[in-house]
Amino acid sequence: MTSIDLNADLGEGFGHWTLTDDERLLSVVTSANVACGFHAGDAPTMRRVCGLAAARGVRIGAQVSYRDLAGFGRRAMDVPPAELTAEVAYQIGALEVFARAAGTRVAYVKPHGALYNRVVRDEEQARAVVDGVVLADPTLPVLGLPGSRLLELAAKAGLPAVEEAFADRAYTDEGTLVARGQEGALVTDPGAVLERSVDLARNGEVVALSGRRIEMRARSLCLHGDTPGAVDLARQVREALEASGVRVEAFA
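What you see is a predicted model, and the numbers here were worked out from it, not measured in a lab.

A. Inspection of helix α8 (residues 230-243) at higher detail. Relative to the 20 Å expected for 14 residues at 1.5 Å per residue, α8 spans 20 Å between its end C-alpha atoms, a close match to the ideal helical length. Looking at the buried side of α8, the elements it contacts are β1 (3-10), α1 (22-25), α7 (190-203), β9 (220-223) and β10 (247-248). Looking one or two residues beyond α8, the residue adopting positive phi is Gly245, at roughly 95 degrees.

Spelled out as C-alpha cells, the structure:
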C-alpha cells in the first residue's frame with residue numbers, strides 16, 4: 001500500500017500571540033515542524049507543543065530558520081556559513097530539551113521560509129545547514145524540496161534525505177515553489193488541494209502553475225497551519241488520502 005507522511009508547521013506563536021491551532025492540527029498530522037524561536041515560537045510554546053505531540057504519538061521536527069522574528073523568517077538574509085551552522089545546531093538543541101522532557105526526541109529537521117527556499121540552489125547556505133544538523137545529531141533526517149542542494153548535501157553527509165511536497169503551493173515547471181508574492185502562488189480552492197494531495201501521494205505528480213504535469217515524488221506532504229480553515233482542510237486531506245487507499249504514517 002502507498003503511504004505518506006503529513007507534516008504541518010506548529011508552535012508559530014510568540015508570547016501571548018498565537019497563529020496555529022496546534023492542538024487540533026496534532027489530531028490530524030503525523031509529523032510536527034515546531035518553530036524553534038528564530039522565526040516564531042518561544043520556550044513555553046515549544047514545551048507545550050512537544051508535550052501535545054508526544055501525547056498523540058506525533059513525530060517532532062525542528063523547523064530551523066534565519067533569525068528573523070519580525071519578518072517571520074520570510075525575508076532574504078545573508079548569514080555567514082559558520083554563524084548559520086551554529087544557529088541551526090542551537091535551534092535543534094533547544095527543541096531537543098523540550099522533546100526529551102516530554103518523553104520523546106527531535107526526529108528530523110526542516111528549514112523554514114526564506115532559508116528553505118535559499119537552500120534549494122545555494123550550496124554554501126545548504127552546506128551550512130547540513131553542518132548544523134550534523135553538529136547537533138548526525139543521525140537526523142532532513143526534510144526538503146526534491147532535487148534541492150540541501151537534500152543532495154544531506155545525503156552526502158550520511159543524513160537521511162526526505163523529500164516533501166506541498167498540496168497548497170504552486171510549482172514552477174522546474175519543480176520549485178512559486179514565490180509567495182506572485183499571483184497564483186497559493187492554492188486556495190479546497191477541492192484542488194484535495195485532488196493535488198491524492199495525485200502527489202498516488203502518482204508522484206503535480207500540476208505546475210503553467211498547467212504542465214511534473215514529477216514530484218515525496219515521502220511527506222506539508223499542510224500549512226497558518227491559513228483560515230487549516231484544521232478542517234487538513235482533516236479533509238487525510239480523509240481523502242485514506243479513502244484513496246493511501247496509508248498516512250510518519251516517515252521518521
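B. Region of interest: the environment of Ala101. Within the secondary structure, Ala101 sits in helix α3 (residues 81-101). Overall, Ala101 belongs to the exposed group, its relative accessible area being 61%.

C. Highlighting the side chain of Ser148. Structurally, Ser148 is set in the loop between β5 (142-144) and α6 (149-156). Polar contacts involving the side chain of Ser148 include one to the main-chain amide nitrogen of Leu151, which spans 3.2 Å. For Ser148, the residues in contact, after removing those within four places along its chain, are Val119 and Val120.

D. Expanded view of the side chain of Thr30. Inspection of the secondary structure assignment puts Thr30 in the loop between α1 and β2 (31-35). There is a polar contact of 2.5 Å between the side chain of Thr30 and the side chain of Asp5.

E. Broad picture of the layout of surface pockets. Of the volumes computed, that of the largest pocket is approximately 400 Å³. Taken together, 23 residues make up the lining of the largest pocket; nearest its centre are Gly113, Asn117, Arg169, Leu177 and Arg180. Those elements giving two or more residues to the lining of the largest pocket turn out to be β4 (106-111) and α4 (113-121). The element best represented in the lining of the largest pocket is α4, accounting for six residues. Classifying every residue of the lining of the largest pocket by side-chain character gives ten nonpolar, six polar and seven charged. Empty space within the second largest pocket amounts to approximately 290 Å³. Taken together, 18 residues line the second largest pocket, and the ones lying closest to its centre are Asp168, Val187, Thr188, Thr227 and Leu233. Of all elements in the fold, only α7 and α8 reach the threshold of two or more residues within the lining of the second largest pocket. Ranked by residue count, the leading element in the lining of the second largest pocket is α8, at four residues. Residue classes in the lining of the second largest pocket are distributed as nine nonpolar, five polar and four charged.

F. Fine view of the pattern of salt bridges. Inspection of every chain in the model, using the stated rule, returns 22 salt bridges. Across the pair Arg247 and Glu249 runs a salt bridge whose closest N-O atoms are separated by 3.2 Å. Classification of Glu249 as partly exposed rests on a relative accessible area of 33%. One salt-bridge network, in which partners are shared between bridges, spans Glu123, Arg127, Arg149, Glu152 and Lys156.

Analysis parameters
Residues numbered from 1 in each chain as written. Predicted model: local features only at pLDDT ≥ 70, side-chain atom pairs only at ≥ 80, totals over all residues. Heavy atoms only, no water. Helix = DSSP H or I, 4+ residues; strand = E, 2+ residues; numbered from the N terminus. Expected span 1.5 Å × (residues − 1). Contact = heavy atoms within 4.5 Å. Buried < 20%, exposed > 50% of the residue type's maximum accessible area, 1.4 Å probe, protein only. Polar contact = N/O pair within 3.5 Å; in protein donor to acceptor, adjacent residues only side chain to side chain. 1 Å grid on protein atoms, 1.4 Å probe; cavity = no way out; pocket = protein on both sides within 12 Å on 5 of 7 lines; lining within 4 Å. Points joined across faces, edges and corners; volume = space filled by probe spheres on them. Nonpolar A, V, L, I, M, F, W, Y, C, P; charged D, E, K, R; others polar. Salt bridge = Lys/Arg side-chain N within 4 Å of Asp/Glu carboxyl O.

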